[in-house]
Amino acid sequence: MAERKEFRDLATPEAAHEAIASLDLTGDPEMVPLREARGRVLAERVDATIDVPGFDRASVDGYALRAEDTFGADEVDPAVLELAGEVHAGTEPAVTVEPGTCAEISTGAVVPDGADAVVMVERTDAVEEDGTTRIQIRTGVAPGDRIMFAGADVAAGERALGPGTRLTAREIGLLSALGVDEVSVRGRPRVGIVSTGDELVRPGEAVDSGAGQIYDVNSYTVAAGVEEAGGEAVLYPHAGDDYDAMEDILLEAADECDLVLSSGSTSASAVDVIYRVIEDRGELLLHGVAVKPGKPMLVGRLDDSAYVGLPGYPVSALTIFRTFVAPAVRRASGLPEPRTATVEGRMATEERYAEGRLRLMPVGLVEAGPDEELAGQDVGGETLVYPVDKGSGATTSLVEADGIVEMHPDTERLDAGERVEVRLFSPDVRAPTLFAVGEDDPALSRLLDRLDRPRFLGLGSREGLRRLRNGVPDAAVTTTGGDTEFPATDLGAWTREWGLVVPEGNPEGVEGIDDLVDRDLRFVNRTSASGLRASLTDALAELAEERGETRHDLVSAVDGFEVAVRAHESPARKVLAGDADAGLGLRATADRLGLGFAPVGTETVRVLGNPDRAETSGVLALRSALTAMDDVLADLPGYGRP
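Rules and cut-offs
Along each chain, residues carry numbers from 1 onward, in the same order as the chain's sequence is written. For a predicted model such as this one, the threshold for reporting local features is a pLDDT of at least 70, and the threshold for listing and counting side-chain atom pairs is 80 or more; totals across whole chains, interfaces and linings nevertheless cover every residue. For side-chain calculations, the full set of non-hydrogen atoms in the structure is used, while hydrogens and water are omitted. In DSSP terms, a helix is any run of H or I states spanning at least four residues, a strand is any run of E spanning at least two, and both are numbered starting from the N terminus. Every radius of gyration here is taken over C-alpha atoms, with the globule rule written as 2.2 Å times N^0.38, N being the number of residues. Think of it in three bands: residues with accessible area under 20% of the maximum for their type are buried, residues over 50% are exposed, and the middle band is partly exposed, with areas taken using a 1.4 Å probe on protein chains only. Any two residues having at least one pair of non-hydrogen atoms within 4.5 Å are treated as being in contact. Here the accessible surface of atoms and residues is derived via Shrake-Rupley with a 1.4 Å probe, and residues count as covered only by protein chains that are part of the display. Charge counting treats Lys and Arg as positive and Asp and Glu as negative, with His and both chain ends excluded. Positions of charges follow a simple convention, taking NZ of Lys, CZ of Arg, CG of Asp or CD of Glu. Identification of polar contacts relies on pairs of N or O atoms within 3.5 Å, with a donor-acceptor requirement for protein atoms, meaning one able to donate a hydrogen and the other able to accept it, and with residues adjacent in sequence counted only if both atoms are side-chain atoms. Two strands qualify as a pair provided DSSP detects at least 2 bridges between them. Between the N-to-C directions of two axes lies an angle of 0 to 180 degrees, each axis being a line fitted to C-alpha atoms and, for a helix, fitted only over the stretch in contact. Cavity and pocket criteria rest on a 1 Å grid covering protein atoms alone: a 1.4 Å probe that fits but cannot get out defines a cavity, protein on both sides within 12 Å along at least 5 of 7 lines defines an open pocket, and an atom within 4 Å of a point defines a lining residue. Grid points are joined across faces, edges and corners, and a volume is the space filled by probe spheres set on the points. Throughout, the ten residues Ala, Val, Leu, Ile, Met, Phe, Trp, Tyr, Cys and Pro are labelled nonpolar, Asp, Glu, Lys and Arg are labelled charged, and all others, Gly among them, are labelled polar. Here the angle decides the label: under 35 degrees means roughly parallel, over 145 means roughly antiparallel, 65 to 115 means roughly perpendicular, and every other value means oblique. Handedness of a crossing follows from how the near helix is turned relative to the far one, being left-handed for an anticlockwise turn of less than a right angle and right-handed for a clockwise one. In this analysis, a patch consists of residues with relative accessible area above 30% that form no salt bridge, clustered at 9 Å for like charges and at 5 Å for the nonpolar side chains Val, Leu, Ile, Met, Phe, Trp and Tyr. Salt bridges are identified by distance alone: a Lys or Arg side-chain nitrogen within 4 Å of an Asp or Glu carboxyl oxygen. Arc, as used here, means the arc of the directions from the helix axis to the C-beta atoms. In this scheme Phe, Tyr and Trp rings, the latter by its six-membered ring, pair at centre separations within 6.5 Å, and the angle between planes marks the pair as stacked below 30 degrees, edge-to-face above 60, and tilted otherwise.

S.K.: A description of the overall build of the chain should follow, citing residues and the corresponding values.
M.R.: Summing up its helical and strand segments, the chain has 16 helices and 39 strands in all. Relative to the 2.2 N^0.38 estimate, which gives 26 Å for 642 residues, the radius of gyration of the chain is 36 Å and therefore markedly larger than a compact globule would have. Across its three principal directions, the C-alpha atoms of the chain cover 120 × 65 × 55 Å. Relative to its full complement of 642 residues, the chain shows a buried share of 50%. Partitioning the intrachain contacts of the chain with sequence separation of at least 6 by distance along the chain shows that 71% fall at a separation of at least 24. For the chain, the accessible area works out to roughly 29600 Å², and carbon and sulfur atoms hold 44% of it. Looking at charge distribution, the chain has the averaged site of its 62 positive side-chain charges lying 5 Å from that of its 117 negative ones.

S.K.: Go over the environment of Arg 170, please, and point to the residues and values.
M.R.: Residue placement: Arg 170 occurs in helix α2 (residues 169-177). With a relative accessible area of 68%, Arg 170 lands in the exposed category. When the C-alpha atoms of Arg 170 and Asp 145 are compared, they prove to be 27 Å apart, with 25 residues separating the residues in sequence. Reaching out from Arg 170, the side chain makes a polar contact with the side chain of Glu 171 at a distance of 3.1 Å.

S.K.: Account for the sheet that holds strand β16 (residues 232-235), with residues named and values stated.
M.R.: Sheets are built from strands that pair by backbone hydrogen bonding, the pairs being arranged parallel or antiparallel. In spatial order, the strands read β16-β13-β17-β21-β20-β18; together these 6 strands make up an open sheet with mixed pairing. Of all strands in the sheet, those bounded by a partner on one side alone are β16 and β18 (282-287). Direction aside, the axes of adjacent strands within the sheet are offset by 20 degrees on average.

S.K.: Outline the layout of surface pockets, listing residues and values.
M.R.: Estimates place the volume of the largest pocket at around 940 Å³. Contributing to the lining of the largest pocket are 36 residues, with Glu 228, Ala 229, Arg 330, Pro 336 and Pro 338 lying nearest its centre. Elements that contribute at least two residues to the lining of the largest pocket include exactly β12 (182-187), α3 (218-228), α6 (314-333), β28 (403-407) and β30 (419-424). In terms of residue count, α6 provides more of the lining of the largest pocket than any other element does, 7 residues in total. Tallied by class, residues from the lining of the largest pocket come to 13 nonpolar, 9 polar and 14 charged.

S.K.: Can you break down the packing of helix α1 (residues 13-21) against α6 residue by residue, with the values?
M.R.: Geometrically, a packed helix pair is captured by the angle between its two axes and the distance between the axes. It is the contact of α1 with α6, at a shortest axis distance of 10 Å, that shows an interaxial angle of 30 degrees. As judged from the angle between their axes, α1 and α6 are roughly parallel. In this structure, the crossing between α1 and α6 has a hand that is right-handed. Across the interface between the two elements, Pro 13, Ala 16, His 17, Ile 20 and Ala 21 from α1 touch Thr 323, Phe 324, Val 325, Ala 328 and Arg 331 from α6. Residues of the contact of α1 with α6, tallied by class, amount to 7 nonpolar, 2 polar and 1 charged.

S.K.: Would you mind going over a negative patch on the surface in detail, with residue names and values included?
M.R.: Taken together, the side chains of Asp 198, Glu 199, Asp 242, Asp 244, Asp 248, Glu 252, Asp 255, Glu 256, Asp 303 and Asp 304 present a region of like negative charge at the surface. Of note, Asp 303 is situated in the loop between β20 (298-302) and β21 (305-310). Classification of Asp 303 as partly exposed rests on a relative accessible area of 43%.

S.K.: Now, about helix α5 (residues 274-281): what can you tell me, with residues and values included?
M.R.: Looking at α5, one finds that the buried residues are Ile 274, Tyr 275, Val 277 and Ile 278. Buried residues along α5 cover an arc of 160 degrees about the axis, so they all sit on one side. Buried residues along α5 sit against α4 (243-256), β17 (259-263), β18, β20 and β21.

S.K.: Quick rundown of the side chain of Arg 613? Include the residues and the values.
M.R.: Inspection of the secondary structure puts Arg 613 in the loop between β38 (596-609) and α15 (617-627). The class for Arg 613 is buried, based on a relative accessible area of 0%. Polar contacts involving the side chain of Arg 613 include one to the main-chain carbonyl oxygen of Pro 473, which spans 3.4 Å. Once you skip the residues sitting within four places of it in the chain, Arg 613 turns out to touch Val 366, Glu 367, Ala 368, Gly 369, Glu 372, Leu 384, Gly 471, Val 472, Pro 473, Asp 474 and Val 619.

S.K.: Could you give an account of the packing of aromatic side chains, naming the residues involved and the relevant values?
M.R.: A full pass over the atoms with the stated rule returns 1 aromatic pair. Geometrically, the ring pair formed by Tyr 386 and Phe 435 is stacked, given 4.5 Å between the ring centres and 10 degrees between the ring planes. Here Tyr 386, found in strand β27 (residues 383-387), pairs with Phe 435, found in strand β31 (residues 434-438); they are 49 residues apart in sequence, far enough to count as distant. Across the pair, Phe 435 and Tyr 386 agree in class, each one buried.

Nothing here speaks to function; it is geometry throughout.
This is the structure:
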C-alpha cells in the first residue's frame, strides 16, 4: 500500500503567493507581424526611423501662400493673390509659390516650395478676371498656420514606444505610421495543462457513466483562464493515476512549457501520486494551503519549468487559478491587473463559517428593488450578494457565481446587510436582470429565452419558496399552491399534466400509481424538493386513504421510491436507457423523448414575485412574458392555462 501523504503545517495564502511569485514564468521574446500584435506587450523600445509626417503638409483644404502677403487683410480689404496652380494629396507639387501668388491645396497634401502658411478655403473667394483666377484672402495668417511640419508628430530618432507598452489600436496606428511591419513582444507564458484521473474523458468523446466516467471540465476551463490572463494554453492528454504515466506526461509538459498546471490527484489520498513525481523529479515548495476551496494546492518546480497543482473539482480549480496563478501569468505577460474587477455589495443572507482558514466563497449578484429594506437597513438599488455553493463538485456553480468574497480565518459570520467586496470573475460580469429559483420546467426554459440575461436555479419548488421568503431572488417558481405565509406577488401561472413515463409502447401496461404499489416495477423518482414529487406523494396519500392503508405502507411498496434524480427529464432518461420501468415525469417530456406515458394528474406551476422588486425591469419583463406565453403552452403536450 502506498504511503499516505498527510497535510501538515498548511501554508498561508501569503506564502502561496510568494512561492508562485518565485517561479520564473517568463517566455522568450518573439517577433510578430503588426497585424497580429494587438494585445501583446512590447519587449523592446521602438524608435522612429522616419519623420511623421515625412513632409510639411496642409491640415485643411485651402490655399498655400506666403504669410506676409496676407498681413493686414480682412473682410473689408482682402489681399488678392494670383492662383499659380493646385496641389493634391499623394502627389508631388508641380508649383512654386512666388510672392503675390498662391496654390490651391487639399488636406494632407505637400506644402509647395515658397509657401509657409495655408488659409482655410472658407475665408477666401475666387474671382475670374481676364482669364486669370485671383483669390481674395479675407483674413491675415501667420507663418506656420494650418501646416503640420515634418516630424511634428514623431521625429526621426525619437522614442516612440517603450518596453512594457500594451499594444492597442492607437499604438498599432503609430507603428503603422512609422512603417513598422513587425515588432518584438514579450513571449506569452506557455502553460501546459494536464488533468489527472482515470475517470476523465475529453468532451466530444463517448462517456460511460456506468463506469464512473466524467467529462474533463478543468482542461478547457483552466485553458480559457490562462488565455484571459495573457498566456498560451497547451492541452495535454489526461494522465491516469499510475506513477509512470503521470511522470511521463508531466515531464513532457515541463520540457515544452514555462508553467505546468495540473488539476486533481493533489489531495491526501493513497492513490494520489503527483506530489511524489514533483519531489522525485523537481522541488516541492509547498503542499497544502490554508484556504477553502483549494486546500490541497501544490507549488514547485519540475525540471526547468514552474509547476502548480490545482484541486480537481472545477469550481475549486478555477477559484484557486484565478486567485493565485492568474496574477503571476499576467505579470509574466506584462498585462496589468483588471482595473474594474471588484464591486461592493451587501450580503443578502447571513453566512456562517468557522473552519479557521481563508474561505474564497463563490457568490452571485442580484440588484435590490428601489425601496427595498434588508435587516432594517435601506438597500434600495444596491447590489445584493448571496452565496452560491452546491459543493465543490458542481460545475453549474461556474456560471451561477459572479465572483468571490473572501472570508478571513478569524471571520465566523457575515450578517445580512453587511457590506462586502466581491472580486468578480471578469470585469465584464454584470448582475442578471432577473434572478429566479424553483421548479424546473420546459415551458419555463422557453420563457426565459425571451428575457435579457436571466438567471434561474432549478432547485425545486420548496427551495424556491424558502429563498423567496428570505428575500434573495426576484421570483420563485413553485407547484405548491398560490398561498404563502409571507408576502408574494402572483406574476402568472400555467398547468402541466404529470404521470408515469414508460418505455415506448408501454410494454408493461402501466396505467397509474396503483401499478407502482402492486407490481414489481423499477421506478425512478424526483428529489424531495421537486413539486412533481410532492404531487406524487399527495396522490399516494389519497390512494392509501381509499385502501384504508397508511401512506408509509404504499411508499414502502414502491420499488425505487427513494431513487431520486434532480431534473424534470432525468427519470425519463433513466427509462429511455432501460434502467427503469417507469419514472415520474411530464407528458411533454415523454412526447419529446418518444416514450410512453400513463397520466396521473394535472398540477399548476405558479411564478411568485418578490414584492420589493415588483417594479424592476426584470420582473416587469417576466410578467409581460408570462402574459404572452400562450404559443409556448400550445407547443407543449399537456400544458395549458389554469
